[in-house]
Amino acid sequence: MRDPAGGGGQLVVVATPIGNLGDLSPRAREVLDRADVVYCEDTRRSRILFSACDLKARGRLRSLREHNEATLSVEVVDRVAAGELVALVSDAGTPGISDPGRRVVAAVAEAGLIVSTTPGPSAVVAALSVSGFEIERFVMEGFVPRRAGERRRRFDEWAREGRTVVFYESPQRLVTTLVELASRFADRRVAVGRELTKVHEEVVRGTLRDVASHWADGEVRGEVVVVLEGAVATSANAEAVRASLVEELSAGASVRDAVNVVADRLGVGRRAVYDAALAIRSERGS
Ligand code: SAM
């Protein structure tokens, strides 16, 4: 954020707590205190945040949701162009991530005006960080589709996805989704982050089969994020990976080409195939 006292308008994307109010950063608080206007989703939710953090709303809260985001984007651009400090928050976490905000940001940026951020909480990053899985590369899938056909296509993609997959799910549908996924790849590991940063925070880790049966009565309370480990070479397909790699390498392929060919052919994550290729190479002493 550019010092607001220095003059000139800007839009600041402000991350707010996903549960624990102590996670509102001092910079975020400063922006919310000084902003000329604060665009939020539900003004009642934001008013609760303001009063809990001892901030005064002073009539500055405006509701911005999917249905009015396009219209309000024009208003935000005008305000920033006129020199105002405009803050953008969502109900919780980082605006724009499965929340409104992306269009406003795009409009202000396209107008050549300043868009800044006070970064902070996001359920996605929080869940990934405690999963213990490979998170150098991950794919965020938002909410799981509800329609059968879309779900099937999405789950087909995940069957081959080598990167860690993270997605939101409602507590009411969590068990159904886990059971459906377990019916496809029961041994794949998963970490479910529930009520992160709140009093009843828990992270349930295990195979899909185990975690699906963790909530045996089907009743899950609170908010959840699911982190699914990428497709790795399980013992069942490790032999197939090895045999294909040996074939490719013996035919003169480079390690890189062999890994790409085998990963695509068997639908296994590149990292796992690469590790297998390195093991073969070191066995061969080359
Ligand atoms: N933009 C937000 C963010 O960056 O965290 C996410 C908005 S999305 C509409 C809300 C979803 O995030 C919830 O349905 C739930 O899946 C997840 N979520 C939010 N807070 C959470 C928490 N404290 N623990 C676990 N999941 C949470």
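Preceding block: the structure.
Here is a short report on the structure shown in this document. Since we're looking at a predicted model, the values are computed, not measured. (Residues numbered from 1 in each chain as written. Predicted model: local features only at pLDDT ≥ 70, side-chain atom pairs only at ≥ 80, totals over all residues. Heavy atoms only, no water.)

1. What about the overall build of the protein?
Scanning the protein from N- to C-terminus turns up 11 helices and 10 strands. Principal-axis analysis of the C-alpha atoms places the extent of the protein at approximately 70 × 50 × 35 Å. Across the 286 residues in the protein, those meeting the buried criterion constitute 44%. Look at the contacts in the protein between residues 6 or more apart in sequence, and 70% of them connect residues 24 or more apart. Element-wise, carbon and sulfur atoms account for 49% of the exposed surface of the protein, whose accessible area totals about 14600 Å². Put simply, the protein has 40 plus and 41 minus side-chain charges, and the middle of one group is 2 Å from the middle of the other. (Helix = DSSP H or I, 4+ residues; strand = E, 2+ residues; numbered from the N terminus. Buried < 20%, exposed > 50% of the residue type's maximum accessible area, 1.4 Å probe, protein only. Contact = heavy atoms within 4.5 Å. Areas by Shrake-Rupley, 256 points an atom, 1.4 Å probe, with all protein chains shown as cover. Lys, Arg positive; Asp, Glu negative; His and termini not counted. Charge placed at Lys NZ, Arg CZ, Asp CG, Glu CD.)

2. Re the sheet that holds strand β5 (residues 115-118)
Strand order in the open sheet made by the five strands is β3-β2-β4-β1-β5, with parallel pairing throughout. For this open sheet the edge positions go to β3 (61-63) and β5, each flanked by a neighbour on one side alone. Strand-to-strand twist across the sheet, computed as the mean angle between neighbouring axes with direction ignored, equals 25°. Strand direction decides the pairing type here: strand β1 (residues 10-14) and strand β4 (residues 85-88), joined by four bridges, are parallel. Looking across to β4, one finds that V13 is bridged to L88. Packed onto the sheet, helix α4 (residues 102-110) meets β1, β4 and β5 and runs at close to 150° relative to β1. (Pairing = 2+ DSSP bridges. Axes fitted to C-alpha atoms, helices over the stretch in contact; angles between N-to-C directions.)

3. Considering the sheet that holds strand β7 (residues 164-169)
Strand order in the open sheet formed by five strands is β6-β7-β10-β8-β9, and the pairing between neighbours is mixed. Of all the strands in the sheet, just β6 (138-143) and β9 (202-207) have a single pairing partner and so form its edges. The mean inter-strand angle of the sheet, taken between neighbouring strand axes irrespective of direction, is 15°. Alignment of β6 against β7, held across four bridges, turns out to be parallel. Following the sheet pairing, M140 is matched in β7 by V166. Most of the contacts of helix α7 (residues 171-185) go to β7, to which it runs at about 150°, and overall it touches β7, β8 (189-194) and β10 (224-228).

4. Some remarks on the nonpolar core
W158, L174, L178, V192, L208 and W215 are the most contacted members of the largest nonpolar core, which has 23 residues in total. Counting only elements with at least two residues in this core, the list comes to α6 (148-160), β7, α7, β8, α8 (208-214) and β10. When residues of this core are assigned to their parent elements, the largest contribution, six residues, is made by α7. The contacts of L174, once residues within four sequence positions are left out, are E169, V192, W215, V220, V224 and V226. (Core = buried A, V, L, I, M, F, W, Y, C linked by side-chain atoms within 4.5 Å.)

5. With respect to the pattern of salt bridges
Should the charged atoms of two oppositely charged side chains come close, the side chains can pair. Applying the stated rule across the entire model yields 20 salt bridges. We note a salt bridge from R184 to D156, for which the minimum N-O separation is 2.8 Å. Of this pair, R184 sits in helix α7 while D156 is found in helix α6, placing the two residues 28 residues apart along the sequence. As a salt-bridge pair, E169 and R173 come within 3.6 Å of each other at their nearest N and O atoms. Judged by its relative accessible area of 25%, R173 is partly exposed. It is possible to trace a salt-bridge network through shared partners that takes in E75, R79 and E84. (Salt bridge = Lys/Arg side-chain N within 4 Å of Asp/Glu carboxyl O.)

6. A closer look at the site of the ligand
Taken together, the neighbourhood of the ligand is formed by 19 residues, with I97, D99, S122, A123 and V224 sitting nearest. At a separation of 2.7 Å, an oxygen atom of the ligand approaches a polar backbone atom of A123. Within the complex, the protein chains bury 90% of what would otherwise be the 580 Å² of accessible surface of the ligand. Going through the elements one at a time, β7 and β10 are the ones with two or more residues in the shell around the ligand. The residue inventory of the shell around the ligand, partitioned by class, reads nine nonpolar, five polar and five charged. Looking at the shell around the ligand, you find at least three residues from each of domain 1 (10-121) and domain 2 (124-228). (Near = heavy atom within 4 Å. Polar contact = N/O pair within 3.5 Å; in protein donor to acceptor, adjacent residues only side chain to side chain. Nonpolar A, V, L, I, M, F, W, Y, C, P; charged D, E, K, R; others polar. Domains from an automatic or database assignment.)

7. Quick notes on the pairing of strand β2 (residues 37-40)
The alternating pattern of β2 places V37 and Y39 on one face and V38 and C40 on the opposite face, and all of these are buried. Both β2 and β3 contribute to a ladder of three bridges, which runs parallel. Of the residues in β3, the one forming a bridge with C40 is S63. Handedness of the β2-helix α2 (residues 43-52)-β3 crossover: right-handed. (Right-handed = clockwise from strand over helix to strand, strands pointing away.)

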